[in-house]
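Each chain, letter by letter, is given below.
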Amino acid sequence: MDHAATTFMKPEVIAAMAPYFSEHFGNPSSLYRFAAESRQGVETARRQVAAAIGANPGEINFCAGGSEADNWAIKGVALANRERGNHIVTSAIEHHAVLHTCEWLERQGFSVTYLPVDEFGRVDPADVEEAITDRTTLVSVMAANNEIGTIQPVAEIGRVAHDHGVLFHTDAVQAVGAVPIDVERMEIDLLSLSGHKFYGPKGAGALYIREGTRIESLIHGGGQERGRRAGTENVPGIVGFGRAIELATADIEGHNRCIAAMRDRLVRGILASIPDTRVNGHPKERLANNANFSFRYVEGESILLLLDAHGICASTGSACSSGSSEPSHVLLAIGLPHEEAHGSLRLTLGDANTEDDVDYVLEVLPEVIGRLRKISPLTPSCARIPEVD
Amino acid sequence: MYTEKVITEFTNPQYVGELADADGVGEVGSPTCGDIMRIYLKVEEDRIVDARFQTFGCAAAIASSSMATRMIRDLSLSEAWDLSNADVVDALGGLPAGKVHCSVLARDAVRAAINDYRTRRGLEPWEAGPCECCGGAGCGSHPENG
Ligand SMILES: Cc1ncc(COP(=O)(O)O)c(C=O)c1O
Ligand code: FES
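Residues numbered from 1 in each chain as written. Chains lettered and ligands numbered in written order. Predicted model: local features only at pLDDT ≥ 70, side-chain atom pairs only at ≥ 80, totals over all residues. Heavy atoms only, no water.

**Observations concerning the packing of helix α10 (residues 300–309) of chain A against helix α14 (residues 355–375) of chain A**
Residues and elements named next belong to chain A.
Here is step 1 of the chain: Viewed as axis vectors pointing N to C, α10 and α14 meet at an angle of 135 degrees, and their least axial separation amounts to 10 Å. It follows from the interaxial angle that α10 and α14 lie oblique. The chirality of how α10 crosses α14 is right-handed. The residues of α14 that touch α10, namely those facing S302, I303, L306 and L307, are V364, L365, V368, I369, R371 and L372. (Axes fitted to C-alpha atoms, helices over the stretch in contact; angles between N-to-C directions. Helix = DSSP H or I, 4+ residues; strand = E, 2+ residues; numbered from the N terminus. Parallel < 35°, antiparallel > 145°, perpendicular 65-115°, else oblique. Left-handed = near helix turned anticlockwise from the far one by under 90°. Contact = heavy atoms within 4.5 Å.)

Written as structure tokens, this is what we have:
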């Protein structure tokens, strides 16, 4: 129940990768014929990724995952366009790979606007427009949020950015395979991808860079990726990444329908059996597999541990689990008080889940929350506590 | 990341709940993450005859407060006052570094309850010395020390 953290690898993906560990281990940069297989593996993957997002293969640049893609997009554009301006517009609910990159750029003298979101976690394109100045070079707003699953109006934001001649980057790490992406229609100039969120390998990702976009490299060295990203390619990872994105985008609608039905039953069941619960995120514009709750009077890390004792994996925005002093920036940005951000629980379904898993969570979770509420001094004595045996 | 003892104490806390006729109640909250711990004492002839707790917080906080209530039963008030957070950590078989402040919270809750008892009796509250967990350097549990 924590598929937003990472996914298992599909057997088809493992099968596609296998030969590249053993038979086809050549370095794609080598000239001899033996290396051609590796080169072809990488180029096939490039076509697969391009097809999945409506891009040209030449615009796909492989790298080591979502974090690198975000760093590259933001630092690369900021540095390459420095003489045009030093201002970036992003949102308050981005992944840390974006936020910490922006904070680093601020320390280097750039200025960054962090747009607020509404109670459901949506960025208003009108706010983007208002934030853009003649010094703005980049707008970066994620396609879908990893904690609360809110999907952003990407096409509208892309339009606004382009109306003002500003480049638009989107972190689509959580969106791929769940939201149909078309970089043309959505007016996206740069887009971050990561393999391990859609049944592909970890440590393999890509940055889509629209043809003609001015961007600096992050990794200097050899001439791989047409001189844009040095380092001998992670050939098996890239091959698996390509196969995984092909599978993940083959039938997005059918896949979503199936997952959303399970998710909705889970949410209904939890709301019906656990009082004083709120659902975080957008009622409609949200990832089909994402459910995020706040259970009043209890703390998230303790929920996770009791669920873990029952063999259920989940995650929380509580500060107590991250070791930081503040609960999740996303939950605070949608206006949750600290206490409710502490009591948050994220359940994200995936291809490994069945209706039985939903039944099992519905059986275990009320008992877990009830048990913790009995321990909590915040639980009002009149509060209806779910039955605990 | 947690020891077996922490998990056992957390999943089977023994002395949970409110003592309606408590002689002393201590409530503390950690500024580090906004968690709350309450300890109730029943005292007879300077001895703790019953101790209960309620905690809103992580597994370490729940296990620490549970362990603390277990350890201070049958102790005299001054013995209970001397219970250190390190004693609680040891009894739990250790806590991860980032969770030590949760055990400090348990010690502080015990002390707050003892002072509540003393104040109710018209006695001077006892003063806490420098924190042995951080020597006053700031373990995140004493807002006055930053
Ligand atoms: C929205 C988002 N961006 C970026 C990342 C980082 O991706 P990676 O783990 O591949 O570096 C993640 C993964 O946690 C994510 O959810
Ligand atoms: S109560 Fe928050 S970390 Fe222990």
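The rest of the description comes next.
**Some points on the domain arrangement of chain A**
All names here are of chain A.
Here is step 1 of the chain: The domains assigned to chain A are domain 1 (11–248) and domain 2 (252–374).
Here is step 2 of the chain: Each of domain 1 and domain 2 has a C-alpha centre, and these two points are 28 Å apart.
Here is step 3 of the chain: At the interface, 27 residues of domain 1 touch 22 residues of domain 2.
Here is step 4 of the chain: A combined buried area of about 1,900 Å² lies between domain 1 and domain 2, and 58% of that area is made up of carbon and sulfur atoms.
Here is step 5 of the chain: Contact with domain 2 buries area across many residues of domain 1, yet E147, I148 and Y199 alone supply 33% of it, more than any other trio.
Here is step 6 of the chain: Inspection of the domain 1/domain 2 interface yields zero salt bridges.
Here is step 7 of the chain: Between domain 1 and domain 2 we count eleven residue pairs in polar contact (both at pLDDT 80 or more) in total.
Here is step 8 of the chain: Of the residues contributing to the side of domain 1 that touches domain 2, the split by class is 14 nonpolar, eight polar and five charged. (Domains from an automatic or database assignment. Buried area = accessible area lost by both parts, 1.4 Å probe. Salt bridge = Lys/Arg side-chain N within 4 Å of Asp/Glu carboxyl O. Polar contact = N/O pair within 3.5 Å; in protein donor to acceptor, adjacent residues only side chain to side chain. Nonpolar A, V, L, I, M, F, W, Y, C, P; charged D, E, K, R; others polar.)

**Topic: the interface of chain A and chain B**
Where the parts come together, the accessible area they lose is often given as the size of the interface.
Here is step 1 of the chain: Across the contact, 19 residues belong to chain A and 22 residues belong to chain B.
Here is step 2 of the chain: Summing the contributions of chain A and of chain B, the shared interface buries around 1,600 Å²; its carbon and sulfur component is 69%.
Here is step 3 of the chain: At the boundary of chain A with chain B, the tally comes to one salt bridge.
Here is step 4 of the chain: Here A:E301 makes a salt bridge to B:K99, at a shortest N to O gap of 2.7 Å.
Here is step 5 of the chain: Going through the elements one at a time, α10, α11 (319–322), α13 (338–342) and α14 of chain A are the ones with two or more residues in the side of chain A that touches chain B.
Here is step 6 of the chain: Residue composition of the side of chain A that touches chain B, by class: ten nonpolar, four polar and five charged.

**Some thoughts on the nonpolar core**
Here is step 1 of the chain: By size, the foremost hydrophobic cluster in this structure holds 68 residues, and its most contacted members are A:F295, A:I303, A:L307, A:L345, A:L347, A:L365 and B:L41.
Here is step 2 of the chain: Residues within four places of A:F295 in sequence aside, it is in contact with A:I270, A:I274, A:D276, A:T277, A:I303, A:G343, A:L345, A:L365, A:I369 and A:R373.
Here is step 3 of the chain: If you look at the next biggest cluster of nonpolar residues, it comprises 62 residues, including A:I151, A:M186, A:V235 and A:I334. (Core = buried A, V, L, I, M, F, W, Y, C linked by side-chain atoms within 4.5 Å. Buried < 20%, exposed > 50% of the residue type's maximum accessible area, 1.4 Å probe, protein only.)

**Regarding unusual backbone geometry**
Here is step 1 of the chain: One non-glycine residue, A:D276, lies in positive phi territory at about 55 degrees.
Here is step 2 of the chain: With respect to the helices and strands, A:D276 occurs in the loop between α9 (252–273) and β8 (277–279).
Here is step 3 of the chain: We note that B:E45 has phi near 45 degrees; this positive angle belongs to a residue other than glycine.

**Considering the pairing of strand β3 (residues 47–56) of chain B**
All names here are of chain B.
Here is step 1 of the chain: Counting buried positions along β3 gives seven out of ten residues, so the element sits mostly inside the fold.
Here is step 2 of the chain: Sheet topology note: the strand β2 (residues 35–44)/β3 ladder contains nine bridges and is antiparallel. Residue M37 lies in a different strand from β3, and its bridge partner there is T55.
Here is step 3 of the chain: The antiparallel hairpin formed by β2 and β3 contains two residues in its connecting segment, where E45 sits at a positive phi of about 45 degrees. (Pairing = 2+ DSSP bridges.)

**Some points on the sheet that holds strand β10 (residues 344–348) of chain A**
All names here are of chain A.
Here is step 1 of the chain: Taken in spatial order, the three strands make up an open sheet running β8-β9-β10, and their pairing is antiparallel. If you trace the sheet from one side to the other, it starts and ends with β8 and β10, each paired once. For this sheet the average axis-to-axis angle between neighbouring strands, irrespective of direction, equals 25 degrees.
Here is step 2 of the chain: In terms of strand pairing, β8 meets strand β9 (residues 290–295) through three bridges, oriented antiparallel.

**Things to note about the pairing of strand β7 (residues 205–209) of chain A**
All names here are of chain A.
Here is step 1 of the chain: Of all five residues in β7, five are buried; the element is thus mostly enclosed.
Here is step 2 of the chain: The side-chain alternation of β7 yields two buried faces, one formed by G205, L207 and I209 and the other by A206 and Y208.
Here is step 3 of the chain: Direction of pairing for strand β1 (residues 60–63) relative to β7: antiparallel, over a ladder of four bridges. Within β7, the residue paired with C63 across the bridge is G205.
Here is step 4 of the chain: With five bridges joining them, strand β6 (residues 190–194) and β7 adopt antiparallel strand pairing.

**Here we look at empty space enclosed by the protein**
Here is step 1 of the chain: Counted under the stated rule, the structure contains one cavity of 30 Å³ or more.
Here is step 2 of the chain: As a volume, the largest cavity reaches approximately 30 Å³.
Here is step 3 of the chain: Lining the largest cavity are A:Y297, A:V298, A:E299, A:S302, A:L372, A:S376, B:T55, B:F56, B:G57 and B:I62.
Here is step 4 of the chain: Its residues assigned to classes, the lining of the largest cavity comprises five nonpolar, four polar and one charged. (1 Å grid on protein atoms, 1.4 Å probe; cavity = no way out; pocket = protein on both sides within 12 Å on 5 of 7 lines; lining within 4 Å. Points joined across faces, edges and corners; volume = space filled by probe spheres on them.)

**Considering the sheet that holds strand β5 (residues 167–171) of chain A**
Residues and elements named next belong to chain A.
Here is step 1 of the chain: Taken together, seven strands build an open sheet; the order of strands is β1-β7-β6-β5-β4-β2-β3 and the sheet is mixed. The open sheet has two free edges, formed respectively by β1 and β3 (111–115), since each of these has just one partner strand. Averaged over all neighbouring strand pairs, the angle between strand axes comes to 20 degrees, with direction disregarded.
Here is step 2 of the chain: Pairing between strand β4 (residues 136–140) and β5: three bridges, direction parallel. Bridge pairing in β5 places V139 opposite F168.
Here is step 3 of the chain: Contacts from helix α6 (residues 154–163) reach β4 and β5 within the one sheet, and its direction differs from that of β5 by about 155 degrees.
Here is step 4 of the chain: Each of β1, β6 and β7 is contacted by helix α8 (residues 235–248), which is oriented at about 100 degrees to β6, the strand it contacts most.

**Description of helix α2 (residues 59–72) of chain B**
Residue and element names in this part refer to chain B.
Here is step 1 of the chain: Between its first and last C-alpha, α2 extends 20 Å over 14 residues, near the 20 Å set by a 1.5 Å rise per residue.
Here is step 2 of the chain: Where burial is concerned, most of α2 is hidden: twelve out of the 14 residues are buried.
Here is step 3 of the chain: What α2 keeps buried is the set A59, A60, A61, I62, A63, S64, S65, S66, M67, A68, T69 and I72.
Here is step 4 of the chain: Count one or two residues on from α2 and you reach D74, which has phi positive near 70 degrees. (Expected span 1.5 Å × (residues − 1).)

**Section: a nonpolar patch on the surface**
Residues and elements named next belong to chain A.
Here is step 1 of the chain: A cluster of nonpolar residues, F25, Y32 and F34, forms a patch on the protein surface that exposes about 360 Å² of accessible area.
Here is step 2 of the chain: Locating F25 in the fold gives a position in the loop between α1 (11–17) and α2 (36–53).
Here is step 3 of the chain: The exposed category is assigned to F25, whose relative accessible area is 57%. (Patch = residues over 30% accessible without salt bridge, like charges linked within 9 Å, V, L, I, M, F, W, Y side chains within 5 Å. Areas by Shrake-Rupley, 256 points an atom, 1.4 Å probe, with all protein chains shown as cover.)

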